[in-house]
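One letter stands for each residue in the lines below.
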Amino acid sequence: MTKYYFLEQMNTLLEVDIKSLDKDFFLENLVLWDSLTRVSSIALIDECFGASISGFEIELCKTVGDFIKLIEKKSGVIL
Amino acid sequence: MKCKINNINITAISCAYPREKFDLITLAETFGESEVKRIINSTGISSVRRSKNSNLRASDLCWMAAEKLLSETNIPAETIDGIIFVSQTPDQKMPATSIQLQKRLGLSKETVTLDANYGCSGYVYGLYLASTLIAGGGCKRVILCAGDVITPHLNPLDKSVRFVFGDGASATLIEKGDSTMSFITKTNGEGADFLKLENGANEYLYMDGAKVMEFALAEVPLIVEDILGYHAWSKEEVGTFALHQPNVFMLNYLRKKMKLETAAVPIAVDGIGNTSSASIPMVLSHHHAALKAENRLKKVVLCGFGVGLSWGACALDLSNTTILSPYEYPI
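The rules we used
- Residues numbered from 1 in each chain as written.
- Chains lettered and ligands numbered in written order.
- Predicted model: local features only at pLDDT ≥ 70, side-chain atom pairs only at ≥ 80, totals over all residues.
- Heavy atoms only, no water.
- Helix = DSSP H or I, 4+ residues; strand = E, 2+ residues; numbered from the N terminus.
- Rg over C-alpha atoms; globule rule 2.2 N^0.38 Å.
- Buried < 20%, exposed > 50% of the residue type's maximum accessible area, 1.4 Å probe, protein only.
- Contact = heavy atoms within 4.5 Å.
- Lys, Arg positive; Asp, Glu negative; His and termini not counted.
- Charge placed at Lys NZ, Arg CZ, Asp CG, Glu CD.
- Axes fitted to C-alpha atoms, helices over the stretch in contact; angles between N-to-C directions.
- Left-handed = near helix turned anticlockwise from the far one by under 90°.
- Nonpolar A, V, L, I, M, F, W, Y, C, P; charged D, E, K, R; others polar.
- Domains from an automatic or database assignment.
- Buried area = accessible area lost by both parts, 1.4 Å probe.
- Salt bridge = Lys/Arg side-chain N within 4 Å of Asp/Glu carboxyl O.
- Polar contact = N/O pair within 3.5 Å; in protein donor to acceptor, adjacent residues only side chain to side chain.
- Core = buried A, V, L, I, M, F, W, Y, C linked by side-chain atoms within 4.5 Å.

## Some words on the overall build of chain B
- When helices and strands are tallied, chain B shows nine helices and 15 strands.
- Against the 2.2 N^0.38 benchmark of 20 Å for 331 residues, chain B shows a C-alpha radius of gyration of 18 Å, consistent with a compact globule.
- If one aligns the C-alpha atoms of chain B with their principal axes, the spans along those axes are about 55 × 45 × 40 Å.
- Looking at the 331 residues of chain B, the share that counts as buried comes to 58%.
- When contacts within chain B are restricted to residue pairs at least 6 apart in sequence, long-range pairs at least 24 apart make up 80% of them.
- Between the mean site of the 32 positive side-chain charges and the mean site of the 34 negative ones, chain B shows a separation of 2 Å.

Encoded structure:
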């Protein structure tokens, strides 16, 4: 349930279905991948999974795959 | 720093902001309508108080708040013997703005006047300073003026600040009383670059919103927990957590993270904006009637956090405090 809520919220933030994107898709090519979305993502990940992710860790993510891998590693949830 | 100050009371709180409201949707011309709506939706701030008068100074709003505070509580100006001005936007580099306020409010020449350069944590720092002036025996009645007129320092093209900040100020009267206030303050200069306004030709406020948010989300729950333990209160018995008001999103997030009930975390940021050191008295001023009616002012926790980085928390009793509704400037 939480996983689906998270994905739904991420899709709203990015205005795109994140699971439909190729894992090699560069985050910087997403129009709405800006600091506002990154901040909202940090809060959302904490809210949904109780996992703390720093802005620096998110900045290191270059692709959708990196981002999903980071969340899975921190939360223990397979997206 | 962690300390308790006994025999102290906040007698009254008053706030003031510009009469003009700035609707953020009008920024669609600059940033595009969908982007503006996205930001408004994320922050929960659709308009802010922002004066069109380029001559407006923080001291104008502080003066109004203090003047109303004195007149509404029938306290003679000559009985005030201390005034502290907490702001990042003093009227000028010298002399201190607190000195200007001493003159403008008609305070005695015996008055202790101090300026302190603080932003969003400034209200707690100011209360601590005011309380120590009284506890030290030098002063009997101190007015804490806290607030900013930040509009002149907002880069018109910088979304991170233009959609968030508003102008506002407050006045708080602190004097001897029968209650105890607990304080905790913390500082980390490592984050000095996250939020700054440098001297020079380009005097625009800079904010790394993500870094500031990350700091707040990490530190606010810890210091709130700390002040509760120090003052021997459980979070369930606290009626009001008056947190600094950066935006609706962050406040809701902090509330959920700390598992606090919605009614215990009042919010007053939409229609006002982030008013830095004035935001805590501002939220109390906006919701004072409901907070009083619901008996939520006996056990109150304040928490400010921001530029520095610095953050602070205070546990206190506001049940005997006269809290006035905000005033619009000019009248």
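## Topic: the packing of helix H7 (residues 209–231) of chain B against helix H8 (residues 248–257) of chain B
All names here are of chain B.
- Interaxial distance between H7 and H8 falls to 10 Å at its minimum, and their mutual angle equals 35 degrees. For the pair H7 and H8, the sense of crossing is right-handed. Seen from H7, the contacting residues are Met 213, Ala 216, Leu 217, Val 220 and Pro 221; seen from H8, they are Phe 249, Met 250, Tyr 253, Leu 254 and Lys 257.
- Per-class residue counts for the contact of H7 with H8 are nine nonpolar, no polar and one charged.

## Description of the domain arrangement of chain B
Residue and element names in this part refer to chain B.
- In terms of domain boundaries, chain B breaks down into domain 1 (2–176) and domain 2 (181–326).
- Taking only C-alpha atoms into account, the centre of domain 1 sits 15 Å from that of domain 2.
- Facing 60 residues of domain 1, the contacting portion of domain 2 comprises 57 residues.
- In this assembly, domain 1 packs against domain 2 so that about 4600 Å² is buried in total across both faces, 62% of it on carbon and sulfur atoms.

## Topic: the interface of chain A and chain B
- Between chain A and chain B, the residue contacts involve 14 residues of the former and 13 residues of the latter.
- Counting each side, the surface lost to burial between chain A and chain B is near 1100 Å², with a carbon and sulfur contribution of 60%.
- The largest share of the area that chain A buries against chain B comes from Leu36(A), Val39(A) and Ala43(A), three residues that together contribute 39% of it.
- Linking chain A with chain B are three salt bridges.
- The salt bridge involving Asp46(A) is made with Lys257(B); its shortest N-O contact spans 2.7 Å.
- Our count for the chain A to chain B interface comes out at six residue pairs in polar contact (both at pLDDT 80 or more).
- Within the residue set of the side of chain A that touches chain B, elements represented by two or more residues are helix H2 (35–49) and helix H3 (55–59) of chain A.
- If you tally residues by element for the side of chain A that touches chain B, the top one is H2(A), at eight residues.

## Some words on the nonpolar core
All names here are of chain B.
- Of all hydrophobic cores here, the largest spans 38 residues; its most connected members are Leu 127, Leu 284 and Leu 302.
- Counting only elements with at least two residues in this core, the list comes to strand E1 (2–18), strand E4 (82–86), helix H5 (122–135), strand E6 (141–148), strand E8 (179–187), helix H9 (279–293), strand E12 (300–306) and strand E13 (310–316).
- Here this core takes seven residues from E1, the largest share from any one element.
- When residues of this core are assigned to domains, at least three map to each of domain 1 (2–176) and domain 2 (181–326).
- In contact with Leu 284, not counting residues within four places along its chain, are Ile 13, Thr 240, Ala 242, Leu 291, Leu 297, Leu 302, Leu 318 and Ile 323.
- Membership of the second largest hydrophobic core comes to 32 residues, among which are Phe 215, Ala 216, Trp 233 and Ala 313.

## So, unusual backbone geometry
Residue and element names in this part refer to chain B.
- Look at the link from Met 94 to Pro 95: it is a cis peptide, with omega at -5 degrees.
- Relative to the helices and strands, Pro 95 is located in the loop between E4 and helix H4 (97–104).
- Here Tyr 329 and Pro 330 are connected by a cis peptide whose omega angle stands at -10 degrees.
- Its location among the elements puts Pro 330 in the segment after strand E15 (327–329).
- We note that Asn 74 has phi near 55 degrees; this positive angle belongs to a residue other than glycine.
- Tracing the chain through its elements places Asn 74 in the loop between helix H3 (58–73) and E4.
- A positive phi angle, near 60 degrees, is found at Ala 232, a position not held by glycine.
- Structurally, the position occupied by Ala 232 is in the loop between H7 and strand E11 (240–243).
- Since its relative accessible area comes to 63%, Ala 232 is described here as exposed.

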